[in-house]
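Letter by letter, the chains look like this.
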Amino acid sequence: MTATWDGLGLRWTVGAGTEVTVEETGTGASHPPVLVLAGGLCVVTLVPPEDQTAWTGCAAFLRRLRDHAEELAALLEARAGRHDRAQE
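Residues numbered from 1 in each chain as written. Predicted model: local features only at pLDDT ≥ 70, side-chain atom pairs only at ≥ 80, totals over all residues. Heavy atoms only, no water.

## A closer look at the sheet that holds strand β4 (residues 34–39)
Stated formally: Being paired, for any two strands, means DSSP has found at least two bridges between them. We count a stretch as a helix when DSSP gives it H or I for four or more residues in a row; a strand needs E for two or more, and each element gets its number in order from the N terminus. Throughout, an axis means a line fitted to C-alpha atoms (over the contacting stretch in the case of helices), and angles, computed between N-to-C directions, take values from 0 to 180 degrees.
If you walk across this open sheet you meet the 3 strands as β3-β4-β5, and the pairing is antiparallel. Both edges of this open sheet fall to β3 (19–23) and β5 (42–46), since each of them pairs with a single strand only. Neighbouring strand axes in the sheet, compared pairwise and without regard to direction, differ in orientation by 20° on average.

In structure tokens:
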């Protein structure tokens, strides 16, 4: 996994060793769990907002992220399949 600044923002390239985990930061509402993406020397942590009333919106965002990640995975698999068939 590599991270580079491309002028518009951070570009994070996923590699074979990239891990995705949910980690507890402590007990109670003041220490919510976080989503951690890690690989190589790069770590991206998605942290919920401090205001618990915004957690429902955060959960909705995470579900959209999941759905779009599924869409991207399907596109990549389809294109990889076309590439494999073209090489036969």
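## Topic: the environment of Pro 48
Defined as follows: The classification of residues rests on relative accessible area computed with a 1.4 Å probe and restricted to protein chains. Under 20% of the type maximum is buried, over 50% is exposed, and intermediate values are partly exposed. We call two residues in contact when some of their heavy atoms are within 4.5 Å.
With respect to the element layout, Pro 48 can be found in the loop between β5 and α1 (55–86). Residue Pro 48 is classed as buried on the basis of its relative accessible area, which comes to 16%. Taking C-alpha positions, Pro 48 is 7.1 Å from Pro 32, a pair spaced 16 residues apart along the chain. Non-local contacts of Pro 48, meaning those with residues more than four positions away in its chain, are made with Pro 32, Pro 33, Val 34, Trp 55 and Cys 58.

## Points about the pattern of salt bridges
Put simply, the test is: What counts as a salt bridge is simple: a side-chain nitrogen of Lys or Arg found within 4 Å of a carboxyl oxygen of Asp or Glu.
Taken as a whole and judged by the stated rule, the model has 2 salt bridges. Among the salt bridges present, the one from Arg 11 reaches Asp 6, with a minimum N-O distance of 3.1 Å. Among the ionic pairs, Arg 66 bridges to Asp 67, the shortest N-O distance being 3.1 Å. Since its relative accessible area comes to 46%, Arg 66 is described here as partly exposed. With a relative accessible area of 41%, Asp 67 lands in the partly exposed category.

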